[in-house]
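Examination of the molecular architecture
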Amino acid sequence: MNRSFAESTARARVAHLLDADSFQEILGPAERVVSPHLALLGVPSSFDDGVVIGSGTLAGQAVLIAAQEGEFMGGGVGEVHGAKLVGLFKRALRLQPAAVIVLAESGGVRLHEANAGLIAVSEVMRALLDARAHGIPVIMLIGGDNGCFGGMGLIARCADHVVMSDIGRLAMSGPEVIESSNGVEEFDSRDRALVWRTTGGKHRFLIGDCDVLVEDDVAAFRSAAIGLLGQSIPLNLATMEAEHALLSDRLTQYGDCRDALDIWRRAGVPDPALVADLEASEMQALKTRKPKELA
Amino acid sequence: MEQLHFHFVGQQTPGDFMPILVGVVGSGNLEVMLEPSADSPECRVDITTSARGFAPIWAAVLQDFHERHGLAGISISINDMGATPAVVSLRLDQAAAELSSGTGITS
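The structure reproduced in this document is the subject of the present report. Keep in mind that this is a model prediction, so the values were computed, not measured.

1. Regarding the overall build of chain B
Of the regular secondary structure elements, chain B holds two helices and five strands. Its helices and strands taken in sequence order, chain B reads β-β-β-β-α-β-α from the N to the C terminus. In terms of overall size, chain B behaves like a compact globule, its C-alpha atoms giving a radius of gyration of 13 Å where 107 residues would be expected to give roughly 13 Å. When the backbone C-alpha atoms are referred to their principal axes, chain B occupies close to 35 × 25 × 20 Å. A fraction of 85% describes how many contacts in chain B between residues 6 or more apart in sequence connect residues 24 or more apart.

Encoded structure:
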């Protein structure tokens, strides 16, 4: 039976993504490592500060895993939440797992925690890159209703691999943020079709920000993650320069496009208007960009 | 935000068990954690809720829950973000159901 990734809680995603009964939580809810800031602001905390971390096995291989709970504060990264992610990446250096898997669902920095949240995001980024520099692959899975935005969007793009569903969204500024700073003519955040074709999984897949596109199904995310285990992309000057070349190439090729539909047409998609109705499995044929060179 | 504390004297002692967590602290939702509190005839309930002034309703919902399950030797901790009484009752029953099925922390 199909188990929707988007509709599952962070805990249910972890339980069904990993091998059955293999998950061992670190700093579980009973330890009550909660936010030191929220109570002062009169906001209830969550016993796990909105992120589940721990170890387990995936297809028999040892992995470390984190899952953000989008329902709690929009998955916002606060001080404790960020510290749990940092600790997980540091643990990876010692345990050398086949991957660190992050089920990202977050609007970015938890605004209640201001600077502590901002610092947490940069610390997570540093710890993630440290793990990658030691050859440990980092895999982001994005398929929650809240998407992956702000600082968490930046963190996601620091990973070796990004797996998304059509429902998943990935970007820096969220739709409402763009509209309020640049006006509704620039971006209408209530136009859901526009929002999804600009930030959604299919667009990210077509332009190369997402490596694997899957259906909204925990089992599909599981298969995709298994396929990426042990595959580390070298973190060196050559890969950085290739990434920069790709980005400037994107600007040259598509800089004047007003809509993702224009980008898709120019990228060689024969009928861009039909993309919204395609299954994840039908999208591969539309992708012209070569897959990343693997280590 | 308001913190509320209740205790009930029950007969059903589950003994030792792994902590149980159900629900999520999201809008109109709550998380309920059950933990063993050995050698106590009490069912202790600690609530942190975003909504102020609903103590009598919490007392009524918990009294109903206690009449259904009569738990003892247990500590119930709740973080609430404005769940309705019906949702609170369902979450409490969900936690009690997991206690009797012995599944531990699920979702």
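2. Digging into the overall build of chain A
Looking only at helices and strands, one finds 11 helices and seven strands in chain A. Viewed in the frame of its principal axes, chain A has a C-alpha envelope of about 55 × 45 × 45 Å. Here chain A, with 295 residues, has 48% of them falling under the buried criterion. Residue pairs in contact within chain A that sit at least 24 positions apart in sequence constitute 73% of those at least 6 positions apart.

3. Looking at the nonpolar core
Of all hydrophobic cores here, the largest spans 103 residues; its most connected members are A:Val100 and A:Val163. Those residues in contact with A:Val163, other than ones at most four positions away along the chain, are A:Ile139, A:Met140, A:Leu141, A:Asp211, A:Val212, A:Val214, A:Phe221, A:Ala224 and A:Ala225.

4. Focus: the pairing of strand 2 (residues 51–58) of chain A
All names here are of chain A. Of all eight residues making up strand 2, six are buried, and the element is well covered by its neighbours. Bridge analysis of strand 1 (residues 24–26) against strand 2 gives three bridges, and the strand direction is antiparallel. Following the sheet pairing, Gln-24 is matched in strand 2 by Ser-55. The sheet contact formed by strand 2 and strand 3 (residues 61–68) spans eight bridges and is antiparallel. Residue pairing across strands places Val-51 opposite Gln-68, the latter belonging to strand 3.

5. Brief notes about the interface of chain A and chain B
Between chain A and chain B, the residue contacts involve 16 residues of the former and 19 residues of the latter. Counted by class, the side of chain A that touches chain B contains eight nonpolar, five polar and three charged residues.

6. Overview of helix 3 (residues 114–133) of chain A
Residues and elements named next belong to chain A. Helix length check: helix 3, at 20 residues, gives a terminal C-alpha distance of 29 Å against a target of 28 Å (1.5 Å per residue), a fit within 8%. Of all the residues in helix 3, the buried ones are Gly-117, Ala-120, Val-121, Val-124, Ala-127, Leu-128, Ala-131 and Arg-132. In a view along the axis of helix 3, the buried residues occupy a sector of 140°, so they form one face of it. Contacts made by the buried residues of helix 3 are with helix 2 (79–95), strand 4 (100–103), strand 5 (138–142) and helix 4 (150–156). Gly-135 occupies a position one or two residues after helix 3 and carries a positive phi of about 80°.

7. A closer look at the environment of A:Arg32
Residue and element names in this part refer to chain A. Within the secondary structure, Arg-32 sits in the loop between strand 1 and strand 2. For Arg-32, a count of 13 C-beta atoms within 10 Å gives the class partly exposed. Separated by 16 residues in sequence, Arg-32 and Asp-48 place their C-alpha atoms 6.7 Å apart.

8. What to know about the environment of A:Trp196
For A:Trp196, the position within the fold is in helix 6 (residues 192–199). In this structure, the C-alpha to C-alpha distance between A:Trp196 and A:Leu228, residues 32 residues apart in sequence, is 26 Å.

9. Observations concerning the sheet that holds strand 1 of chain A
Residue and element names in this part refer to chain A. Read across the open sheet, the seven strands follow the order 1-2-3-4-5-6-7; overall the sheet is mixed. For this open sheet the edge positions go to strand 1 and strand 7 (212–214), each flanked by a neighbour on one side alone. Direction aside, the axes of adjacent strands within the sheet are offset by 25° on average. Note: strand 6 (residues 161–165) against strand 7, three bridges, orientation parallel.

10. A closer look at the environment of A:Lys84
Residues and elements named next belong to chain A. Considering the arrangement of structural elements, one finds Lys-84 in helix 2. Judged by local crowding, Lys-84 falls into the buried class, with 24 C-beta atoms found within 10 Å. For Lys-84, the contacting residues outside a window of four places in its chain are Leu-27, Asp-49, Val-51 and Ile-53.

11. Observations concerning the packing of helix 2 of chain A against helix 3 of chain A
Residue and element names in this part refer to chain A. It is at 8 Å that the axes of helix 2 and helix 3 come closest, and there the two elements cross at 10°. The orientation of helix 2 with respect to helix 3, classified from their angle, is roughly parallel. Considering how the two elements wind past one another, helix 2 and helix 3 form a crossing that is left-handed. Here Glu-79, His-81, Gly-82, Ala-83, Leu-85, Val-86, Phe-89, Lys-90, Ala-92 and Leu-93 of helix 2 lie close against helix 3, whose contacting residues are Ala-116, Gly-117, Ala-120, Val-121, Glu-123, Val-124, Ala-127, Leu-128, Asp-130 and Ala-131. When its residues are assigned to classes, the contact of helix 2 with helix 3 shows 13 nonpolar, three polar and four charged.

Calculation notes
Residues numbered from 1 in each chain as written. Chains lettered and ligands numbered in written order. Predicted model: local features only at pLDDT ≥ 70, side-chain atom pairs only at ≥ 80, totals over all residues. Helix = DSSP H or I, 4+ residues; strand = E, 2+ residues; numbered from the N terminus. Rg over C-alpha atoms; globule rule 2.2 N^0.38 Å. Contact = placed C-beta atoms within 7 Å. Buried ≥ 20, exposed ≤ 12 C-beta atoms within 10 Å, placed from the backbone. Core = buried A, V, L, I, M, F, W, Y, C linked by C-beta atoms within 7 Å. Pairing = 2+ DSSP bridges. Nonpolar A, V, L, I, M, F, W, Y, C, P; charged D, E, K, R; others polar. Expected span 1.5 Å × (residues − 1). Arc of directions from axis to C-beta. Axes fitted to C-alpha atoms, helices over the stretch in contact; angles between N-to-C directions. Parallel < 35°, antiparallel > 145°, perpendicular 65-115°, else oblique. Left-handed = near helix turned anticlockwise from the far one by under 90°.

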